[in-house]
Each structure stands twice: as C-alpha cells, then as structure tokens.
Amino acid sequence: SGTDGASMVLLATAQASNSAVIDFTTITSTYDNYRAVCKAIVPTTNSAYLQMLMSVDGGSTYKSGATDYQYANTVLAAAAPDGITSTGDTRILLVGASGISSNASVGGFSGSVDFYNLNSTTASKLTTVTASYQNSGPFVESVNGGGVTNSVALQGAVNGIRFMMNVGTIASGVLYFFGLRKS
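What you see is a predicted model, and the numbers here were worked out from it, not measured in a lab.

Caption draft 1: Layout of the overall build of the chain. For the chain, the helix and strand inventory stands at zero helices and 12 strands. Counting from the amino terminus, helix and strand elements in the chain follow one another as β-β-β-β-β-β-β-β-β-β-β-β. Relative to a compact globule of 183 residues, whose C-alpha radius of gyration would be 16 Å, the chain shows 15 Å and is just as compact. In terms of principal-axis extent, the alpha carbons of the chain reach across some 40 × 30 × 30 Å. For the chain, long-range pairs separated by at least 24 residues make up 73% of all intrachain contacts whose partners lie at least 6 apart in sequence. Total accessible area on the chain stands at roughly 7600 Å², and carbon and sulfur atoms take up 51% of it. In the chain, 8 positive and 9 negative side-chain charges are present, and the distance between their average locations comes to 7 Å.

What follows is the structure, given as structure tokens:
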C-alpha cells in the first residue's frame, strides 16, 4: 500500500462543526507520506461531495485552477455501481457521483486518504482514498480511488491540505492527520 513498515504519528485533529473548510498545514520533510483519517463526516447539504485542495505556500492560498487536479474513483454501491473521473479539475473528489447523505444517523463518510510525494518540488502529488458512506438513497457506497496534481500546477512542496464540501459546510465529524515515518 505504500505505507507498509511505516509508523503513524498523529500531527493534528480537527472536529467539524458547520465548518466551511478544514485545513492541515503540519506538512514538513520529517515524514515521507501522510494519511488523513475521516470519521463520520456529514455535510449540511444532502448529496454534497467531500473534496480537497493543496497548497504550496503554507495554506495562504490553495490551488484551484481549472486543470490543477485529476481523479478517478470507483464506487461499489448497494443500488448500482458508479464512478466519477476527471482529467482536469479544480479539486480532487473523494466520493462517487451520488454524494454523501446529510442524515447524521446513517454514519457519514468514514475512511482514509493517503498522500505521496508531498515533499517533492518536481513530481506530481498522488493521493489514494478508501472509504464508505451512505448516499441520499440511502444506499451504502464504498469508494476506492485516487487523485494526482498536474505537476505544472503544483510546482513546489505541498505544505497545506484543505478538506471541504462542494456545497454547504461540514456539519460534523472528525479528521485526524498523520505523518507516516519509515521504521
């Protein structure tokens, strides 16, 4: 998985409460890779998409140009499988085309996002997502996917990660941000 043999060190925790964004700027060259663990992330708006952006200036600005990112997510769903992809977008989506239910009683979005090459000043930054949630059906969906930065768009080491919904806010949930240190 790219994290084999690594020890996880908790760097930050964020509790969402109608949060427009959740930023992590604890990225340094101390760690080779990083992991965000999402626990019961619930949007205020039904069928919203959880998405993320990256920063190369410590979180002062986040890259969101029309072709800054690419992603491909495959979704196994109780109703019908789906997927969502883009070869050029303003963000990396972490869900399928149906989005996440705003009903907190169905559990929210829970899973992990791994980050690779964040310290590189030349290579594209890679992400993988593995998570489950219920859409507004309410049907369970399990997403496996990945994203990448277009290398021209994010030249420089990434030192900020932003999580947000495409509409509304993050009503509730917890995000944990870990550094993965080689053993």
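Caption draft 2: Representation of the nonpolar core. Ranked by size, the top nonpolar core spans 44 residues in total, and within it Leu94, Phe109, Phe115, Ile161, Phe163 and Phe177 carry the most contacts. Beyond its immediate sequence surroundings of up to four residues, phenylalanine 115 is in contact with Asn33, Tyr34, Arg35, Ala36, Met52, Met54, Leu126, Thr127, Ile161, Phe163 and Phe177.

Caption draft 3: Broad picture of the packing of aromatic side chains. Scanning the entire structure with this criterion turns up six aromatic pairs. Ring centres 6.2 Å apart and planes at 80° place the aromatic pair phenylalanine 24 and phenylalanine 163 in the edge-to-face group. With phenylalanine 24 in strand β2 (residues 22-24) and phenylalanine 163 in strand β11 (residues 160-165), this residue pair connects regions lying 139 residues apart in the sequence. Judged by relative accessible area, phenylalanine 24 falls into the buried class, the value being 3%. Relative to phenylalanine 177, the ring of tyrosine 34 lies with its centre 5.5 Å away and its plane at 10°, an arrangement referred to as stacked. With tyrosine 34 in strand β3 (residues 33-43) and phenylalanine 177 in strand β12 (residues 170-182), this residue pair connects regions lying 143 residues apart in the sequence.

Caption draft 4: Representation of the pairing of β11. With respect to burial, β11 is a largely interior element, six of its six residues being buried. Pairing of β2 with β11, which is carried by three bridges, proceeds in the antiparallel orientation. Residue pairing across strands places aspartate 23 opposite arginine 162, the latter belonging to β11. Pairing of strand β4 (residues 50-55) with β11, which is carried by six bridges, proceeds in the antiparallel orientation. From the neighbouring strand, glutamine 51 faces β11, where its bridge partner is methionine 164.

Caption draft 5: How the structure looks around the pattern of salt bridges. Under the counting rule described, the total for this entry stands at three salt bridges. Notably, a salt bridge pairs aspartate 114 with arginine 35, separated by 2.6 Å at the nearest N-O pair. Taken together, the residues span a long stretch of sequence, with aspartate 114 in strand β8 (residues 109-116) and arginine 35 in strand β3 at a distance of 79 residues. You can call aspartate 114 buried: its relative accessible area is 7%. Its relative accessible area of 17% is what places arginine 35 among the buried residues.

Caption draft 6: Structural view of the environment of glycine 145. Structurally, the position occupied by glycine 145 is in strand β10 (residues 140-149). Taking the C-alpha atoms as reference points, glycine 145 and alanine 123, 22 residues apart in sequence, are found 19 Å from one another.

Caption draft 7: A look at the side chain of serine 101. In this fold, serine 101 is placed in the loop between β7 (92-93) and β8. Of the residues examined, serine 101 reaches a relative accessible area of 5% and is grouped as buried. A distance of 3.1 Å separates the side chain of serine 101 from the backbone nitrogen of asparagine 103, its partner in a polar contact. Ignoring anything within four residues of it in the chain, the contact list for serine 101 reads Val42, Pro43, Asn46, Val106, Gln134, Asn135 and Ser136.

What counts and what doesn't
- Along each chain, the written sequence defines residue order, and numbers are assigned to residues from 1.
- Two thresholds apply to this predicted model, a pLDDT of at least 70 for residue-level local features and 80 or more for giving and counting side-chain atom pairs, whereas whole-chain, interface and lining totals are computed over all residues.
- Each side-chain value is worked out from all heavy atoms of the structure, with water and hydrogens disregarded.
- Counting from the N terminus, the helices are DSSP H or I runs at least four residues long and the strands are E runs at least two residues long.
- Throughout, the radius of gyration refers to the C-alpha atoms, and the reference size of a globule is 2.2 Å times the residue count to the power 0.38.
- Every residue pair with non-hydrogen atoms within 4.5 Å of one another is taken to be in contact.
- Accessible surface is estimated by sampling points in the Shrake-Rupley manner with a 1.4 Å probe; for residues, cover comes only from the protein chains shown.
- Note on charges: Lys and Arg go in the positive column, Asp and Glu in the negative column, and His and the chain ends are not counted at all.
- Each charge is placed at NZ for Lys, CZ for Arg, CG for Asp and CD for Glu.
- To form a nonpolar core, buried Ala, Val, Leu, Ile, Met, Phe, Trp, Tyr and Cys residues must be joined to one another through side-chain atoms within 4.5 Å.
- Here's how the labels work: a residue is buried when its accessible area is under 20% of the maximum for its type, exposed when over 50%, partly exposed in between, all with a 1.4 Å probe on protein chains only.
- Under the pairing criterion, centres of Phe, Tyr and Trp rings, with the six-membered ring standing for Trp, must be within 6.5 Å; the plane angle then separates stacked pairs below 30 degrees from edge-to-face pairs above 60, leaving the rest tilted.
- One requirement defines pairing of two strands: DSSP has to find at least two bridges between them.
- Only one rule defines a salt bridge in this text: a Lys or Arg side-chain nitrogen within 4 Å of an Asp or Glu carboxyl oxygen.
- Within 3.5 Å is the distance limit for a polar contact, defined as a pair of N or O atoms, with the added protein rule that one can donate a hydrogen and the other accept it, and that residues adjacent in sequence qualify only through two side-chain atoms.

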